[in-house]
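Coordinate inspection notes
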Amino acid sequence: MNVYDSSRMADILRPLGYAQVDEPNDADMMILNTCHIREKATDKVFSEIGRLKKHKEAKEAKGEKMLMAVAGCVAQAEGDFILQRAPVIDMIFGPQTYHELPEMVLKANGNERVVNTEFPTVTKFDSLPEEQNQGAAAFLSIQEGCDKFCTFCVVPYTRGAEYSRPVDKIVDEAKRLVDQGAKEITLLGQNVNAYHGTNIDGKTWGLGRLIEAVAGVNGVQQIRYTTSHPRDVDQELIDAHRDVEKLAPFLHLPVQSGSDKILKAMNRKHTAERFYEIVADLRSARPDLVFSSDFIVGFPGETDQDHEDTMQLIRDVGFASAYSFKYSARPGTPAANMTNLVREDVKAARLLELQNLVTEQYLEFNLASVGKTMSVLFERKGRKEGQLQGRTPFYQAINVPANERLLGEFVDVKVTEATANALVGEVQMVENNIKQA
Ligand code: SAH
Ligand code: SF4
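Okay, so let's go over this structure. (Residues numbered from 1 in each chain as written. Chains lettered and ligands numbered in written order. Predicted model: local features only at pLDDT ≥ 70, side-chain atom pairs only at ≥ 80, totals over all residues. Heavy atoms only, no water.)

Right, let's talk about the sheet that holds strand β5 (residues 137-141) for a bit. On the basis of which strands lie adjacent, the open sheet formed by three strands has the order β5-β8-β11 and parallel pairing. Strand pairing shows two members of the sheet lacking a second neighbour, β5 and β11 (222-226), which therefore form its edges. Looking at each pair of strands side by side, their axes are set apart by 25° on average, direction ignored. One ladder, built from five bridges, connects β5 with strand β8 (residues 184-188); its direction is parallel. In the sheet register, S141 faces β8, and the bridge partner there is L188. Packed on one face of the sheet, helix α7 (residues 167-179) meets β5 and β8 and runs near 160° to β5. Set on the sheet, helix α8 (residues 207-215) makes contact with β8 and β11; between it and β11 the angle comes to about 150°. (Pairing = 2+ DSSP bridges. Helix = DSSP H or I, 4+ residues; strand = E, 2+ residues; numbered from the N terminus. Axes fitted to C-alpha atoms, helices over the stretch in contact; angles between N-to-C directions. Contact = heavy atoms within 4.5 Å.)

So, about the packing of helix α9 (residues 235-243) against helix α11 (residues 272-285). For the pair α9 and α11, interaxial distance at closest approach is 8 Å and the crossing angle is 30°. As judged from the angle between their axes, α9 and α11 are roughly parallel. Here the hand of the crossing between α9 and α11 comes out right-handed. Taking contact as the criterion, the partners of I238, H241 and R242 in α9 are, on α11, D281, L282 and A285. Of the residues in the contact of α9 with α11, the class split is three nonpolar, one polar and two charged. (Parallel < 35°, antiparallel > 145°, perpendicular 65-115°, else oblique. Left-handed = near helix turned anticlockwise from the far one by under 90°. Nonpolar A, V, L, I, M, F, W, Y, C, P; charged D, E, K, R; others polar.)

The pairing of strand β16 (residues 387-391) with strand β17 (residues 397-401) spans five bridges and is classified as antiparallel. Paired with G390 across the strands is I398, a residue of β17. Bridging between β17 and strand β19 (residues 423-427) involves two bridges; their strand directions are parallel. Within β19, the position partnered with N399 by the bridge is V424.

The next subject is unusual backbone geometry. Leaving glycine aside, a negative phi is the common case for residues, and trans is the common case for peptide bonds. Note the cis peptide between T226 and T227, where omega equals 0°. Looking at the element boundaries, T227 is found in the loop between β11 and α9. Positive phi values are uncommon outside glycine, yet N111 reaches one of about 65°. Of note, N111 is situated in the loop between α4 (101-109) and β4 (114-116). The class for N111 is exposed, based on a relative accessible area of 65%. (Buried < 20%, exposed > 50% of the residue type's maximum accessible area, 1.4 Å probe, protein only.)

Across the sheet, four strands lie side by side as β1-β2-β3-β4; this open sheet has parallel pairing. The sheet is open, and its two borders are formed by β1 (29-34) and β4, each paired with just one other strand. Shown here is a sheet whose adjacent strand axes are inclined to one another by a mean of 10°, direction ignored. As paired elements, strand β2 (residues 67-72) and strand β3 (residues 91-93) share three bridges and run parallel to each other. Within β3, the residue paired with A71 across the bridge is F93. Where helix α1 (residues 2-13) meets the sheet, it contacts β1, β2 and β3, and its direction lies at approximately 150° from that of β1. Contacts from helix α2 (residues 39-61) reach β1 and β2, with the element oriented near 175° to β1.

The next point concerns the state of the cysteines. Using the criterion set out here, one finds zero disulfides in the structure. As a non-bridged cysteine, C73 has C35 as the owner of its nearest cysteine sulfur, 6.6 Å distant. Take C73: its relative accessible area is 8%, and that puts it in the buried class. (Disulfide = S-S within 2.5 Å.)

Once that is clear, we can look at a nonpolar patch on the surface. A cluster of nonpolar side chains, namely L363, L367 and V370, defines an oily patch on the protein surface of about 220 Å² accessible area. Following the sequence through the fold, L363 ends up in helix α13 (residues 344-369). With a relative accessible area of 34%, L363 lands in the partly exposed category. (Patch = residues over 30% accessible without salt bridge, like charges linked within 9 Å, V, L, I, M, F, W, Y side chains within 5 Å. Areas by Shrake-Rupley, 256 points an atom, 1.4 Å probe, with all protein chains shown as cover. Salt bridge = Lys/Arg side-chain N within 4 Å of Asp/Glu carboxyl O.)

For the rest of this paragraph, the subject is the packing of α1 against α4. Across the interface, α1 lies against α4 with an axial gap of 9 Å and an inter-helix angle of 70°. For the element pair α1 / α4, the angle class is roughly perpendicular. Here M9, I12 and L13 of α1 lie close against α4, whose contacting residues are L101, P102 and V105. For the contact of α1 with α4, a count of residues per class yields six nonpolar, no polar and no charged.

Before going further, it helps to spend a moment on the site of ligand 1. Neighbouring ligand 1 are 16 residues, the closest being Q190, Q256, R268, D294 and S328. Here a nitrogen atom of ligand 1 sits 2.9 Å away from a polar atom, N or O, in the main chain of Q190. Contact with the protein chains removes 90% of the 550 Å² of surface that ligand 1 exposes when unbound. Elements supplying a minimum of two residues to the shell around ligand 1: β13 (290-297) and β14 (321-326). Residues of the shell around ligand 1, tallied by class, amount to six nonpolar, five polar and five charged. (Near = heavy atom within 4 Å. Polar contact = N/O pair within 3.5 Å; in protein donor to acceptor, adjacent residues only side chain to side chain.)

So, in structure tokens, the structure goes:
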């Protein structure tokens, strides 16, 4: 979401004469786009400010100006604190206000410090300029905010209430992205499957129907969506996994815990049993579908048995990738007032145990891919000379020795090697295998 937001900020700033540069020393403005989801992320913001401010100071010593801004959810949640603690910062603005950047830049250039953490009534989507080229794999934001209020989470406070963009705006944007070279579109939202946008006939569409509509856009070859919540997986979405071949066979579906007691304390509003059912329904709709998930260990009150329930869920379901985190208390959330805390060393041990298990699962999944041929979208140059990097339909990262002209294309690749983190492959029959839309 932040990668997408940053690219939209660049779109807004371009008409003002700004362009992206690689080195801070070459910049007239630096924007730190921040995440507030876990404590570590917030701490990083202040250390980054400390690290980057020397560039501004060096410029100012030469009599030149440089603006420095903090954007995103840390700005939203801690705007006043940043204002006091970091006098070097000229602009502080939340994720719902970046369409107002031109006015903010004007004020900041007039030496006014700007704090903008409102939730404006004119939504930013209605006032953003058209998006610029994102390349072959593009993001398309369809939904924002969250009304679920999981007890550990800051998102409902920093990103605000749920909002779904209208269907026609999304389909138009998909067409424009294709015109600019996009072949894969990832539909984005904090709770993407809570999507309930209005169609031109006034009817409300869920994500399943929207996916069908986006799949109908000429030139869209692959669709992904993220991040989804188990509670909003409805029959229509399951059917889309069965019917829409362009929908990639990979789904990120965070479950957080395998213990009903903890799921209840987290206010996730579903049981472990329900998660198993959803996974089974999706797998019967699309047998090759693989899952990824998020896990929190050490939520207040989590016992060894609760943790074991999570481990059992992981063994039962099997994941192709996973993100796992130690619980960290976030100011203003209900869980921050809970007193039955889990000791740090216990959290660390549980995290390690969980990560070892999921790493074994990715390795097993990746090794099983060796020898198979898959359609890979080459998104960028690889780290090694002469290599391109892309993703398989199952979202595995893959490095392949390949000609640069294949960049931005879907190409059939045979997987030759695998580690837990990535695959290596070779291009099959270079001349004829560029898939046509
Ligand atoms: N909307 C998604 C997740 C968004 S937040 C969902 O409901 O599943 C991304 C991930 O950050 C979460 O899935 C969770 O695993 C992690 N996370 C959020 N708040 C956290 C906290 N206070 N401590 C640790 N991890 C947290
Ligand atoms: Fe946070 Fe996701 Fe829960 Fe919303 S559904 S409160 S974004 S964890």
